[in-house]
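# Inside the fold
Residue-level listing of the chains:
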Amino acid sequence: MSNISQNIEQLKAQLPADITLVAVSKTKPLTDLMQAYDGGQRIFGENKVQEMVDKHGQMPSDVQWHMIGHLQRNKVKYMAGFVELIHGVDSMRLLREIDKQAAKHDRVIKCLLQARIAREETKFGMEFSEIRELLNSDEFAGLEHVQVVGLMGMASFTDDRQQVLSEFSSLQQLYHELEDLHELSVLSMGMSGDYPLALQCGSNMIRVGSSIFGARNYH
Ligand SMILES: *Cc1c(COP(=O)(O)O)cnc(C)c1O
């Protein structure tokens with residue numbers, strides 16, 4: 001058996017059954033994705049639309065594709081026909097565009113609102129107040145082709161466990177505040193370096209790349 005399918009099996013064996021594993025395959029070749037597929041993995045995460053479209057065309061049709069990256073509005077149309085879940089929605093303008101493109105395919109696209117929880121300046125996402133406002137807005141209520149099913153966040157890239165825990169817990173609190181009222185069911189937090197901490201804070205969807213596929217080479 002290949003290392004990649006072994007990594008998948010080991011990771012899944014450690015995870016509680018109700019935790020969804022998104023295998024983050026960005027920059028990795030199809031042969032690597034197929035090894036994960038052969039290990040039973042069906043959910044893959046990509047952060048570039050073009051790369052996801054290409055891989056979608058070449059992988060088996062029962063793969064579910066999650067867009068996990070920062071998304072430009074003009075790219076939504078390329079994936080609107082097949083994307084399963086968009087993790088990084090960070091504005092009403094983007095949600096409006098997803099709604100418009102989903103309508104053309106007669107679909108309802110599931111989305112997560114990305115919250116800014118890291119103290120680092122570089123991380124994307126909405127303030128908690130903006131998330132509350134969006135979910136309560138009349139405009140949002142009028143969108144028929146998007147469904148916000150949960151929240152997503154990325155913690156600071158740091159060895160300070162207490163800081164990471166406090167960032168994840170802040171999002172857990174927001175999720176608890178909103179989940180019943182807005183029928184949320186997904187809390188997407190945790191990557192290779194911090195998913196055990198995210199699980200302690202109630203995450204039910206982790207996005208793991210390098211622990212499965214090995215380190216990425218960026219050119
Ligand atoms: C790349 C990426 C991941 C996975 O990162 P690893 O550290 O390789 O597990 C998770 N989430 C997002 C949003 C990413 O861009």
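Description of the structure in this document. (Residues numbered from 1 in each chain as written. Predicted model: local features only at pLDDT ≥ 70, side-chain atom pairs only at ≥ 80, totals over all residues. Heavy atoms only, no water.)

Let us now look at the pattern of salt bridges. Tallied over the entire structure, the rule returns eight salt bridges. Residues Lys 55 and Glu 51 are paired through a salt bridge, measuring 2.7 Å at the closest nitrogen-oxygen approach. Here the residue Lys 55 and the residue Glu 51 both occupy positions in helix 3 (residues 49-58), the gap between them amounting to four residues, near one helical turn. On the basis of relative accessible area, Lys 55 is assigned to the buried category, the value being 6%. The network of salt bridges with shared partners includes Glu 46, Glu 51 and Lys 55. (Salt bridge = Lys/Arg side-chain N within 4 Å of Asp/Glu carboxyl O. Helix = DSSP H or I, 4+ residues; strand = E, 2+ residues; numbered from the N terminus. Buried < 20%, exposed > 50% of the residue type's maximum accessible area, 1.4 Å probe, protein only.)

It is worth spelling out the packing of helix 6 (residues 128-136) against helix 8 (residues 161-178) at this point. Where helix 6 contacts helix 8, the axes come no closer than 12 Å and their chain directions differ by 20°. If you check the angle between helix 6 and helix 8, you find them roughly parallel. Viewed along their axes, helix 6 and helix 8 form a crossing whose handedness is right-handed. Judged by residue contacts, Phe 128, Ile 131, Arg 132 and Leu 135 of helix 6 engage Ser 170, Leu 171, Leu 174, Glu 177 and Leu 178 from helix 8. Class assignment of the residues belonging to the contact of helix 6 with helix 8 gives a composition of six nonpolar, one polar and two charged. (Axes fitted to C-alpha atoms, helices over the stretch in contact; angles between N-to-C directions. Parallel < 35°, antiparallel > 145°, perpendicular 65-115°, else oblique. Left-handed = near helix turned anticlockwise from the far one by under 90°. Contact = heavy atoms within 4.5 Å. Nonpolar A, V, L, I, M, F, W, Y, C, P; charged D, E, K, R; others polar.)

We now examine the nonpolar core. Among the nonpolar cores identified, the biggest contains 63 residues, and Phe 44 and Ile 86 are the most heavily contacted of them. When neighbours within four sequence positions are excluded, Ile 86 is seen to be in contact with Met 67, Leu 71, Met 79, Ile 98, Ile 109, Lys 110, Cys 111 and Leu 112. Among the nonpolar cores identified, the runner-up in size contains eight residues, and Ile 43, Met 152, Val 186 and Met 205 belong to it. (Core = buried A, V, L, I, M, F, W, Y, C linked by side-chain atoms within 4.5 Å.)

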